[in-house]
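Overview (structure and organization)
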Amino acid sequence: MTKRPVLVPILGDQLTPAISSLADRKSDDTVVLMMEVAEEAGYVRHHQAKIALILSAMRHFADELRAGGWRVDYIALDDRANTGTFTDEVLRAAKRHDARGIQVTEPGEWRVRRMMDGWAQACGLRVRVLGDTRFVCPLPDFYAWAAPRRELRMEWFYRDMRRHTGLLMDGEEPAGGRWNFDAENRSGPPPGLNPPAPMTFVPDAITRDVIDLVRARFGHHFGNLDHFGWPVTRADAQALLERFLAERLPLFGQWQDAMLSDHDTMFHALLSPAINCGLLDPVDVCRRAEAEYREGRAPLAAVEGFIRQIIGWREYIRGMYWLDMPGMASANELNATRPVPEFWWTGDTPMRCIAQTVRATRDNAYAHHIQRLMVMGNFALLSGLDPAQVADWFLAVYADAYEWVELPNVAGMALHADGGRLASKPYAASGAYISRMSDYCGDCAYNVKLKTGPQACPFNALYWHFLDRNASRLGRNPRLATAYATWRRMSEDKRADTLASAEAFLMTLEPAAPGWARA
Ligand code: FAD
Ligand code: DLZ
Ligand code: SF4
């Protein structure tokens, strides 16, 4: 290398050969910097499997880049001189390589963007921050879409993404004549439903080394590594996609909301950890799903439902994050202040739906959407848990969690902490919903049919407690009019009994010990 090189830091969720920071670079005057830093593992105490997944995927990606002719400076967690932070490692590397400039793809998280904004001054070099072209909708386009609108509903944005990508379009018209097939999806599970076993990958030597490292350094974090089977290479992620398309996609939509104790993953794709860290391209994934429909192997309702999650929800969520940060992180429209209870970490609760979801989360760093939204999220909403603490929990425990995607889902979709910017109505539900969608209630210590008293499913009284205590904020929401009318029609005694039952349950919640989520 004759010229002073440009330094290209690549972060743990930028593991894509076509990443924008490398697109215009030549290998002979570029040094790629990859950094394993303690700060990223500990700013919230991530699940051990999440750390192992990211570090192993980073190590494999560094090898992939080297094989492609790139010079990679890889700072391992155990390197003696490792300072433990992105900024200090960039500073050290800029000096070590006598870099003439820095080029980087914009990060996923606000926190890291603030760090990057300080790099030019810290290093005395020009820092070029490029857009992340792995998303369909560049952020400036999202801001332009949002600017003239009073209501930022996902459905309208999604239709634009369909037109823009051409996915499931027949000319100007949506395939099948409709944009959204949700009405045909989301049934409860019939007896005997038997989803296929999830595909897992046996750890190779790199992953085994990383697992040992994570056990040694972060063994006190939530979760275990005994079942680690996530894909950590592009080839494995591709194999997972193929398996999903063949075995799960055709029934994805129909059982999208169903939950079974013996099938933690149901017909879900399990692709979010690989998509979010860059091992799979989201639009490629959607094109492959569309091909299954076009070739008659999967029904349109399932394929449309799946594609909507990716080019609709995923893109919209990311746009809303950047539009509303930093305020989104402290939003608390419903003034919820109760601490996250200890059983969110231990799973030690007679509420079987929560015990099952926490167990799955601990074992796999994964729970599917409805477990996240309608079990954990719904419990947090109804019990009035503090949104910042809930966000820390979700960010720490899931292998696919980065703040850009976790926070809008928690603050906006699950907790209504944003006052309804993301979802026009809170996703509040009583035990009847969980009973309809799962097999959890049959074996629960609580009785889902009872409304009040110590044996009653806590969700039942909590649902009314939530509506009652938030009547001044939610009472005029037309989508809650029927629920409030039902509440008002109840006798005063019944209402008092219900509120007392909820209060008695809330009194039993033990706040989580300090140190689970943050040091
Ligand atoms: P599938 O259900 O098979 O869906 C396919 C793909 O669609 C996913 O891989 C994902 O890329 C995308 N997708 C689906 N729903 C969403 C959504 N609401 N937002 C963004 N993308 C979506 N997703 C994350 O990737 N990271 C998170 O940290 C995260 N936190 C969440 C927290 C809460 C409270 C809720 C309600 C949802 C959260 N989600 C998060 C969204 C969703 O639950 C996960 O994307 C999904 O469970 C991932 O599993 P899967 O790949 O099997 O998804
Ligand atoms: C989540 C994570 C962890 C645990 N460790 C690292 C790391 O050591 N090095 C790295 O580059 N990235 C890591 N990440 C992912 C980053 O937190 C992520 O890239 C930023 O939050 C930006 O989205
Ligand atoms: Fe959950 Fe209530 Fe069903 Fe028990 S009865 S599993 S607490 S919904």
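Here we summarise the structure given alongside this text. Just so we're clear, the structure is a prediction, and the values are computed from it rather than from any experiment.

The subject of this paragraph is the site of ligand 2. Close contacts around ligand 2 come from 17 residues, with Gly12, Asp13, Met35, Val37 and Glu40 the closest. Between ligand 2 and the protein, one listed contact pairs an oxygen atom with a backbone N or O atom of Gly12 at 2.9 Å. Contact distances for ligand 2 include 3.4 Å between an oxygen atom and a backbone N or O atom of Gly108. Compared with its free state, where it exposes 480 Å², ligand 2 has 99% of that area covered by protein. Going through the elements one at a time, α2 (38–42), α3 (48–67) and α5 (110–117) are the ones with two or more residues in the shell around ligand 2. The biggest single contributor to the shell around ligand 2 is α3, with 3 residues. Its residues assigned to classes, the shell around ligand 2 shows 9 nonpolar, 3 polar and 5 charged.

Next up on the list: the packing of aromatic side chains. Summed over the entire model, instances satisfying the criterion amount to 28 aromatic pairs. A centroid spacing of 4.8 Å and a plane angle of 40° characterise the contact between Phe244 and Phe306, whose relative ring orientation is tilted. In this pair, Phe244 is assigned in helix α10 (residues 234–252) and Phe306 in helix α13 (residues 300–324), connecting sequence segments 62 residues apart. Here Phe244 and Phe306 have matching classes, each one buried. An angle of 85° between the planes, with centres 6.1 Å apart, marks the rings of Phe379 and Phe459 as edge-to-face. Here the residue Phe379 occupies a position in helix α16 (residues 369–383), and Phe459 occupies one in helix α20 (residues 458–469), the gap between them amounting to 80 residues. No difference in accessibility class separates Phe379 from Phe459, as the two residues are buried.

One pass over the full model with this rule turns up 36 salt bridges. Notably, a salt bridge pairs Arg96 with Asp73, separated by 2.7 Å at the nearest N-O pair. Of the two residues, Arg96 is situated in helix α4 (residues 86–96) and Asp73 in strand β3 (residues 71–75); the sequence distance between them amounts to 23 residues. Of the residues examined, Asp73 reaches a relative accessible area of 15% and is grouped as buried.

On to the sheet that holds β3, then. Reading across the sheet, the 5 strands line up as β3-β2-β1-β4-β5 and stay open at both edges, with parallel pairing between neighbours. Sheet topology places β3 and β5 (126–130) at the edges, where each strand pairs with a single neighbour. Across the sheet, the mean angle separating the axes of adjacent strands is 25° when strand polarity is ignored. Sheet analysis places strand β4 (residues 101–105) next to β5, joined by 5 bridges and oriented parallel. In the strand pairing of β5, Gly101 is matched with Arg126.

Rules used throughout
Residues numbered from 1 in each chain as written. Chains lettered and ligands numbered in written order. Predicted model: local features only at pLDDT ≥ 70, side-chain atom pairs only at ≥ 80, totals over all residues. Heavy atoms only, no water. Near = heavy atom within 4 Å. Polar contact = N/O pair within 3.5 Å; in protein donor to acceptor, adjacent residues only side chain to side chain. Areas by Shrake-Rupley, 256 points an atom, 1.4 Å probe, with all protein chains shown as cover. Helix = DSSP H or I, 4+ residues; strand = E, 2+ residues; numbered from the N terminus. Nonpolar A, V, L, I, M, F, W, Y, C, P; charged D, E, K, R; others polar. Phe/Tyr/Trp six-rings, centres within 6.5 Å; stacked < 30°, edge-to-face > 60°. Buried < 20%, exposed > 50% of the residue type's maximum accessible area, 1.4 Å probe, protein only. Salt bridge = Lys/Arg side-chain N within 4 Å of Asp/Glu carboxyl O. Pairing = 2+ DSSP bridges. Axes fitted to C-alpha atoms, helices over the stretch in contact; angles between N-to-C directions.

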